[in-house]
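Per-entry structural report
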Amino acid sequence: MTNASPDTLTGMPRVEVAGRPEALAKWARHAEALVIPGGALLAGLAVFSVFLQVLGKSPLAFFQAIYLGGLGSAFSLDNALTHASPLLLTALCVALPARLGLVIIGGEGALVLGGLAAASVALPLQGQPYLIVLCAMAAAGVLAGGLWIGMVGALRYYRGVNETIASLLMAYIGIALMNQLIEGPLRDPASLNKPSTYPIGQAYRIASIPGTQVHWGLVVGILACLCSWVLMERTTWGFAARVAGGNVRAAQIQGLPVGKLIMAFTFIAGACAGLAGMIEVAAVQGNANASLASGYGYTGILVAFLARQNPLAIIPVAFMLGAIDASGSLLQRHMGLPDATVEVLQGILFITILFSDTFYGRIKWLNPDLWARAQP
Amino acid sequence: MMQIQQLQRALALETIGMSKNFGALQALADVSIKVAPGSFHALLGENGAGKSTLVKCIMGFYVPTSGAILLDGIEADLGTPARAAALGLGMVYQHFTLVPSLTGAENLVISRADVGAIIDWREETRRLDAFMATMPFEVPLNVPTGQLAAGQKQKLEILKQLYLGRRLLILDEPTSVLTPDEARSVLGLLRQMTRMGDLTVLMISHKFHEVTAFADEVSVLRKGSFVGSGRTAALTPAQMAAMMIGDARLAVMDHRASVAAGAEPALLVQGVTAPDKTGLKTISIAHVAVKPGEIVGIAGIAGNGQKEFLEILAGQREMSSGSICVHGAAYHATRLEARQRHVRFIPEEPLHNACAPKMTVAENLALRIFDTNAKGEKRVWLNQTRLTSHARRLVEDFNVKTTSLASPINTLSGGNVQRATLARELTGEVDLLIVANPCFGLDFSAVAEIRARIMAARNAGTAVLLVSEDLDELFELSDRILVMSGGEIVFETPIAAADVATIGAHMAGHH
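Residues numbered from 1 in each chain as written. Chains lettered and ligands numbered in written order. Predicted model: local features only at pLDDT ≥ 70, side-chain atom pairs only at ≥ 80, totals over all residues. Heavy atoms only, no water.

**Re the packing of aromatic side chains**
- In this structure the tally under the stated criterion is eight aromatic pairs over all chains.
- Ring plane angle 85 degrees and centroid distance 5.4 Å describe the contact between F305 of chain A and F350 of chain A, whose orientation is recorded as edge-to-face. One end of the pair, F305 of chain A, is in helix α11 (residues 296-306); the other, F350 of chain A, is in helix α14 (residues 340-356), with 45 residues separating them in the sequence.
- F350 of chain A sits in the partly exposed class, given a relative accessible area of 25%.
- Clustering of aromatic rings is evident, with ring pairs tying together F48, F51, F62 and F63 of chain A.
- A cation sits over an aromatic face here: R308 of chain A above Y360 of chain A, 3.5 Å from the ring centre.
- Sitting over the ring of F398 of chain B, R453 of chain B keeps its end group 3.9 Å from the ring centre. (Phe/Tyr/Trp six-rings, centres within 6.5 Å; stacked < 30°, edge-to-face > 60°. Helix = DSSP H or I, 4+ residues; strand = E, 2+ residues; numbered from the N terminus. Buried < 20%, exposed > 50% of the residue type's maximum accessible area, 1.4 Å probe, protein only. Lys NZ or Arg CZ within 6 Å of the ring centre and 35° of its normal.)

Below you can see the structure in the form of structure tokens.
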């Protein structure tokens, strides 16, 4: 597309699109993916400010508190990053199937079961070398999460069951399963107020990145996002998945293995969420308990949609929502706002982001395909 | 003279300087047409010429940017569809608007605007009978309309408009779902009613033979502007076509090369049966063979199993029994088999069935080759450079007009999407091409070009199976025509002996 020879097909020099430089067209296409979600974000914050005004609180103070709680100090930055770490992975659980045209919102279930599986595997391996136990835990988390969401993919492909409803309902089952097991067969009798599994042992915990309070799970999450991007954009499998997501009839007529793609990508998606559960157990909780189901799976949906299902964009978005999450307690203390205020903010953002989807391709200066139609 | 004017029910319609802009796009520019009362007027034009926009302005669906409409010489305010209906304007669409589970009588009565919450059926039936007695034709009113044949449904649609007291009917390609016989019968009736002065008809059509046979006058639009009108008796189809396309040059089709007589069939379908989409009926294809260098056309009215047959050939519908062979070996339409045996499939409406609409032109052009290298070996990493150069070559070879290779393919016009799809499927070695309604909804120049491409592929030795609802297309391209009806091949004829009437009768199931 950078060739400057005359273009026989449109009669225009190839470096131009509708009389403007091709580079500008390319830039416009990229800018669209930033401007529209950015605008939606601002609109959402504006709506939320009105909500705060109605409550008699100052929006300015609110955003200041979020800044302090999420970014203001080394401590709050660490806190925000710690919150962002599972979001990177649960967002992938939404974003990867979304490129295949599947709306999966049950990452919470895969996360919880991944954490539970990891904790269960650690117990019989006590005394084994650190790396072996860690790998076994990761494998257990990946497998549990992958099979759980893979099941949703199988229901979708073989039985035509709606994957959105199935994944959501299976998340409830997954959480109930965990509660059942940690209050029953897997319960550590020493955990009195908060039913938990036996601790995996201090020796097998995931450490912090040197010089910070953030565990290595953050790096794992970022790597997973990078790998997912390469998978989607640079491999033929990702291309085939995007074709199937773009139009499943076209994919079938081309003989692409739609069933296999659905199974593989739902498995990978679930595996990401399961890995997030394993990391929560190994780095934060130290055992599997009800705190695993604290909403990372659901916030991940918001992250994925804000990032427009782009694995690279998930990284900054997860950090932003991690910061909002992290500042929840500060809001409570400083402004007398309930914890749920953060959820109201997230809900409003979600609605504005979904609404902003209708603007793609319609804003003229961001869409080179409309430039040519300028002259009547 | 005055007396006659008052007795005449048919409305006169005139548009004066109608313009309609959609943002920067001018869909209609200063169009003035005149439809005499009691005339059968045809509105001709290519896709995108502004016919639908004009008609929607008349029917009150659009508010014109400027211009006026005169009914019987008086300026009428047709701001809303309800106003237009109240003034006696009615519209019949290409597809049916009847409720299939209700009877004809029920459909007629509920379509009235003044029908109350409680319907006195005895009274309504009495009034319907009285109304039917004044009509020149009959349609069974006591059967659910879903059970009627297409021609009868279309007659019922017209009956509905008359029952509602409409005096000017606009018909949007009313015969596209009818057999030639049904089309003649429906249009004949309309013509008869215009002759009696009960009705004025304005018909949008693509089919010159219909226009010549039934319309009194014709108006032609091109690119949103009025280019001329005249009495059909004074115009030849060639003159009308020239008005429609202006000075655009059409692609010239190759002469038909002769088929090698003894060649083994490239495609052989034997004894294939499968349930149709409702699961209630069976598709049963006893024998279809297509030789290299031959176009076999399959005619039939939509919904007679062609779609299912194509799905079977594309490997998307399981067969209950039978076999499909390509070059003598069983064929299951997998990606590998299609690649190795050079089988290509172009479904109808390619944007919806053969492209990923939001992916780019370059990506869509790569659907067949993205997972291999130049030697045809499987690859894991996507080769962007190869994709782009492949796309650029195809776009140039097939003259696809696009703003850039990075544009989403759904920003292209229908003709260019079809060109892009043909480019993708006809590049390289093609032994068997299966193609459905390739020219549906395209303009003249695109149609001529695409048919020429298919003919060129045939002459280069490709076996072509062409499934089409357009008889003209089948006659133009096919070497043999098969007719499909009720899920079976019911008739076969070489093109030299093909006769529209016989084919039409078989399409309608009279065999």
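Continuing now.
**What to know about the pattern of salt bridges**
All names here are of chain B.
- All chains considered together, the criterion is met by 28 salt bridges over all chains.
- One salt bridge in this structure joins R317 and E311, with 2.8 Å as the shortest N-O distance.
- Residue classification places E311 among the partly exposed positions, given a relative accessible area of 23%.
- Between R451 and D470 there is a salt bridge; the shortest N-O distance is 3.5 Å. Remark: D470 occurs in the loop between β19 (463-467) and α17 (471-477) and R451 occurs in helix α16 (residues 444-459); sequence separation between them is 19 residues.
- Judged by relative accessible area, which is 9%, R451 ranks as buried.
- Given a relative accessible area of 31%, D470 falls into the partly exposed group.
- Taken together, the salt bridges that share partners define one network made up of R112, D114, E123, E124, R126 and R127. (Salt bridge = Lys/Arg side-chain N within 4 Å of Asp/Glu carboxyl O.)

**Let's talk about the domain arrangement of chain A**
Residues and elements named next belong to chain A.
- In terms of domain boundaries, chain A breaks down into domain 1 (18-57 + 342-376) and domain 2 (73-336).
- Computed over C-alpha atoms, the centres of domain 1 and domain 2 are 28 Å apart.
- Each side of the interface is counted separately: domain 1 has 12 residues, and domain 2 has 14 residues.
- Between domain 1 and domain 2, a total of about 1100 Å² is buried, with carbon and sulfur atoms accounting for 76% of that surface.
- Area buried by domain 1 at its contact with domain 2 is led by V342, Q346 and F350, which between them contribute 42% of it.
- At the surface where domain 1 touches domain 2, the tally comes to one salt bridge.
- D357 is the partner of R308 in a salt bridge, and the nearest nitrogen-oxygen pair spans 2.7 Å. (Domains from an automatic or database assignment. Contact = heavy atoms within 4.5 Å. Buried area = accessible area lost by both parts, 1.4 Å probe.)

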